[in-house]
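So you can see what is in the structure, the chains are spelled out below.
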Amino acid sequence: MALARLHGGPLDGQIIPLGDADDKLIVPYSETQLVYNRRGEPANTGPHDGPTEIDYWYDESLEDLNRSDD
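Right, let's walk through the structure included here.

The rules behind the values
Residues numbered from 1 in each chain as written. Predicted model: local features only at pLDDT ≥ 70, side-chain atom pairs only at ≥ 80, totals over all residues. Heavy atoms only, no water. Phe/Tyr/Trp six-rings, centres within 6.5 Å; stacked < 30°, edge-to-face > 60°. Helix = DSSP H or I, 4+ residues; strand = E, 2+ residues; numbered from the N terminus. Buried < 20%, exposed > 50% of the residue type's maximum accessible area, 1.4 Å probe, protein only. Core = buried A, V, L, I, M, F, W, Y, C linked by side-chain atoms within 4.5 Å. Pairing = 2+ DSSP bridges. Axes fitted to C-alpha atoms, helices over the stretch in contact; angles between N-to-C directions.

1. Overview of the packing of aromatic side chains
Counting across every chain of the model gives one aromatic pair. Between the aromatic rings of Y36 and Y58, the centroid separation amounts to 5.5 Å while the plane-to-plane angle is 65°, which identifies the pairing as edge-to-face. With a gap of 22 residues between them, Y36 in strand 4 (residues 32-38) and Y58 in strand 5 (residues 52-61) connect regions that are remote in the sequence. Accessibility expressed as a relative area gives 0% for Y36, which makes it buried.

2. Section: the nonpolar core
Listed in full, the eleven residues of the largest apolar core are A2, A4, L6, L11, L18, L25, V27, L34, Y36, I54 and Y56. For this core, the secondary structure elements donating two or more residues are strand 1 (2-7), strand 3 (24-29), strand 4 and strand 5. With three residues, strand 1 is the single largest residue contributor to this core.

3. Points about the sheet that holds strand 4
Read across the open sheet, the five strands follow the order 2-1-5-4-3; overall the sheet is mixed. Each end of this open sheet is capped by a strand with a single partner; those strands are strand 2 (15-18) and strand 3. Going from strand to strand, the sheet's axes swing by 40° on average, the running direction of each strand aside. Inspection of the sheet shows strand 4 paired to strand 5 by five bridges, in the antiparallel sense. Bridged to Y36 within strand 5 is Y58.

None of this, on its own, says anything about what the molecule does.
Quick look at the structure:
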């Protein structure tokens, strides 16, 4: 299993499990979806260095993000 490391946007710093390593990753967020694009080569691809990590960088949200004042 590979892991997606997210950069930028509201999910900056999150690491999520990744089934297939596509060039674009769309993840749910509140009532919208966020689009992250893959950059660079996978890291930790050897047999003994942990799960493979792939960097994805924030591109856009499919709707406006509304921040509430909780």
